[in-house]
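Here is how the chains run, residue by residue.
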Amino acid sequence: MKSELDGVVRDLESGVISTIDDLKEILMQIHRNYNQNEQAYANFIMQNCGDSLFIDRDHWMQEAEEAYSLWLKMVKDDAEKEYQMGDVDAEQLRDFLESIK
């Protein structure tokens, strides 16, 4: 997930992502792939920790859900900032926020 978001930042800085619609589509794709990324991360942790770590699946799932909630809050906050700066109108903001529930 972090590498995907780092890629989004690089693409924003380099101009590859140049419109709010492009950004929205990229973020929605990351959102759609969240469950796959969550499972891949869990598999990575299990493969790399071996027997030295007591793995509590419920704990890991709770942490993943908390991270996802935090990420959604950050995306929503960023969208609000874009609106405050006048980069998007109220309808675009509303549509975007409704699409990422």
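Residues numbered from 1 in each chain as written. Predicted model: local features only at pLDDT ≥ 70, side-chain atom pairs only at ≥ 80, totals over all residues. Heavy atoms only, no water.

For the chain, the helix and strand inventory stands at five helices and zero strands. Counting helices and strands in the order they occur from the N terminus, the chain gives α-α-α-α-α. Computed over the C-alpha atoms, the radius of gyration of the chain is 16 Å, more than 25% above the 13 Å expected from 2.2 N^0.38 for a compact globule of 101 residues. Seen through its C-alpha atoms, the chain measures out along the principal axes to roughly 50 × 25 × 20 Å. Classification of the 101 residues of the chain by burial places 23% in the buried group. Long-range contacts, defined as pairs at least 24 residues apart, comprise 51% of the intrachain contacts of the chain with a sequence gap of at least 6. As displayed, the chain offers around 7,400 Å² of accessible surface, 52% of which is attributable to carbon and sulfur atoms. Once the 10 positive and 23 negative side-chain charges of the chain are each reduced to a mean point, those two points are 2 Å apart. (Helix = DSSP H or I, 4+ residues; strand = E, 2+ residues; numbered from the N terminus. Rg over C-alpha atoms; globule rule 2.2 N^0.38 Å. Buried < 20%, exposed > 50% of the residue type's maximum accessible area, 1.4 Å probe, protein only. Contact = heavy atoms within 4.5 Å. Areas by Shrake-Rupley, 256 points an atom, 1.4 Å probe, with all protein chains shown as cover. Lys, Arg positive; Asp, Glu negative; His and termini not counted. Charge placed at Lys NZ, Arg CZ, Asp CG, Glu CD.)

Okay, the nonpolar core next. Within the largest apolar cluster, 17 residues are counted, with the highest numbers of intra-cluster contacts made by L27, W71, V75, F96 and I100. Of all the elements in the fold, those that place two or more residues in this core are helix 2 (20-32), helix 4 (57-84) and helix 5 (90-99). Here the element with the most residues in this core is helix 4; it accounts for six residues. Apart from the residues within four sequence positions on either side, V75 is in contact with L27, F96 and I100. (Core = buried A, V, L, I, M, F, W, Y, C linked by side-chain atoms within 4.5 Å.)

Right, let's talk about the packing of helix 3 (residues 34-49) against helix 4 for a bit. At a minimum axis separation of 11 Å, helix 3 and helix 4 run at an interaxial angle of 140°. On the basis of the axis angle, helix 3 is oblique to helix 4. As for the relative orientation of helix 3 and helix 4, their crossing is right-handed in sense. Only W60, M61, A64, E65 and Y68 of helix 4 make contact with helix 3, whose side of the interface consists of Y34, E38, Y41 and I45. Residues of the contact of helix 3 with helix 4, tallied by class, amount to seven nonpolar, no polar and two charged. (Axes fitted to C-alpha atoms, helices over the stretch in contact; angles between N-to-C directions. Parallel < 35°, antiparallel > 145°, perpendicular 65-115°, else oblique. Left-handed = near helix turned anticlockwise from the far one by under 90°. Nonpolar A, V, L, I, M, F, W, Y, C, P; charged D, E, K, R; others polar.)

Let us look at helix 3. The first and last C-alpha atoms of helix 3 sit 22 Å apart over 16 residues, in line with the 22 Å expected at 1.5 Å per residue. Y34, E38 and I45 are the residues of helix 3 that are buried. Burial along helix 3 is one-sided: seen end-on, the buried residues are contained in an arc of 40°. Pointing more than 90 degrees away from the buried face of helix 3 are the exposed residues Q36 and Q47. Looking at the packing, one finds that the buried side of helix 3 touches helix 2 and helix 4. (Expected span 1.5 Å × (residues − 1). Arc of directions from axis to C-beta.)

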